[in-house]
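Observations on the three-dimensional arrangement
In case you want the letters, here they are:
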Amino acid sequence: MLLNDKQVYVGPFLRKQERDNVADKAKFNNVFVKNLADTTTEEDLKRIFSESGAITSVVVMRDAEGKSRCFGFVNFESADDAARAVESLNGRKFDDKEWYVGKAQKKSEREVELRQRFEQSLKEAADKYQGANLYVINLDDNITNEKLRELFSPFGTITSCKVMRDPNGVSRGSGFVAFSTPKEASRALLEMNGKMVVSKPLYVALAQRKEDWRARLQAQFSQMLQVAMTPSVASRMPIYPPGGPGLGQQIFYGQGPPAIIPSQPGFGYQQQLVPRMRPGGALMPNFFMPMVQQQGQRPGGRRGGAVQ
């Protein structure tokens, strides 16, 4: 359908990630080539790429002074010709330079691809050292990579060993030790965890990926939160004293309320005030005034003599 002389595409809604996946699988006409020699020109590219099919445009990118930036673009009439050029020319050497030839991508597409490659490399490294990589903290500032390797070398073959440092080269007090097998790492963990090294006890544990470590902490926090928000049945049951007010209990003026709930409604404790004592303040021995309530007498009731 044409709208304002432009072809309009109408289709089902796709999320951005799904659109990126579709774009990766789509055909392309524009080819990106890099690692060119400084002397490579548009004519050279056109001569080499024209063997794969008809070319509509070719350009070598240059800086403001006209010097080659060693990469360029070649656009084909046919997507099949572009795919054929990538397959036949990628990795070939011209002027002692190994070319990279691939699909020309937008910046967002390159970022997605690089991120996927990086995550894949991290996952492969984590799977390779699963159960064999140890995380060590509470290291002394003087511990170096060589000293750390020396401490853990009696337990097996160490494939990598590193003390983490800040940009200024100061030790962060932590490091990683990777063994060739999980069995060796387990033995080192049992022997070295808690061992005193230069007046500091080491903490040794299996290293985890950041995503796994964060997921484990979130699961523990959710479990603790669920337990905290589910009070026990006993905490909701009221506790009553053996006898209510008026049955021999003493009440002190100026004293705080009792810790248990009175058994008879209407006989709740009301804090009394004593001169020169702030409400809720600490008790002073001189102001203890015990009063034994009589049976049937309400607190604060009139205590006058017989009515005339």
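Residues numbered from 1 in each chain as written. Predicted model: local features only at pLDDT ≥ 70, side-chain atom pairs only at ≥ 80, totals over all residues. Heavy atoms only, no water.

Bringing the overall build of the protein chain into the picture now. Scanning the protein chain from N- to C-terminus turns up seven helices and 16 strands. Across the 308 residues in the protein chain, those meeting the buried criterion constitute 24%. Here the contacts in the protein chain between residues at least 6 apart in sequence split such that 54% fall between residues at least 24 apart. Carbon together with sulfur atoms contributes 54% to the accessible area of the protein chain, which is approximately 22,700 Å² in total. (Helix = DSSP H or I, 4+ residues; strand = E, 2+ residues; numbered from the N terminus. Buried < 20%, exposed > 50% of the residue type's maximum accessible area, 1.4 Å probe, protein only. Contact = heavy atoms within 4.5 Å. Areas by Shrake-Rupley, 256 points an atom, 1.4 Å probe, with all protein chains shown as cover.)

Moving on to the pairing of strand 9 (residues 133–137). Summarising the sheet, strand 9 and strand 11 (residues 171–179) pair through five bridges and their orientation is antiparallel. Bridging across to strand 11, L134 finds its partner in V177. One ladder, built from four bridges, connects strand 9 with strand 14 (residues 203–206); its direction is antiparallel. Within strand 14, the position partnered with I137 by the bridge is Y203. (Pairing = 2+ DSSP bridges.)

All right, on to helix 3 (residues 79–89) then. Restricting attention to buried positions, one finds in helix 3 the residues A79, D81, A82, A85, V86 and L89. Here the buried residues of helix 3 occupy an arc of 160° about the axis, which is enough to place them on one side. Check the buried side of helix 3 and you find it contacts strand 3 (30–34), helix 2 (42–49), strand 5 (68–76), strand 6 (93–94) and strand 8 (100–103). Its side-chain oxygen at 3.2 Å from the backbone nitrogen of D80, S78 defines the N-terminal cap of helix 3. (Arc of directions from axis to C-beta. Polar contact = N/O pair within 3.5 Å; in protein donor to acceptor, adjacent residues only side chain to side chain.)

What follows covers the pattern of salt bridges. Applying the stated rule across the entire model yields three salt bridges. Linking R47 and D44 is a salt bridge whose minimum nitrogen-to-oxygen distance equals 3.6 Å. Within this pair, R47 and its partner D44 are both found in helix 2, separated by three residues, close to a single helical turn. (Salt bridge = Lys/Arg side-chain N within 4 Å of Asp/Glu carboxyl O.)

Now for the confidence of the model for the protein chain. Averaged over all residues, the pLDDT of the protein chain is 75; the fraction at 70 or higher stands at 66%. Scored below 50 in pLDDT, residues 244–256 shows 41 contacts in the model against residues more than four places distant or in partner chains. This model gives residues 283–289 a pLDDT under 50, and the stretch forms 13 contacts once residues within four places in sequence are excluded. (pLDDT = per-residue confidence, 0-100.)

Turning our attention to the nonpolar core. Grouped together as the largest cluster of nonpolar side chains are 19 residues, with contacts concentrated most on L148, F152, V177 and F179. Non-local contacts of V177, meaning those with residues more than four positions away in its chain, are made with A132, N133, L134, V136, L148, F152, I158, S160 and C161. (Core = buried A, V, L, I, M, F, W, Y, C linked by side-chain atoms within 4.5 Å.)

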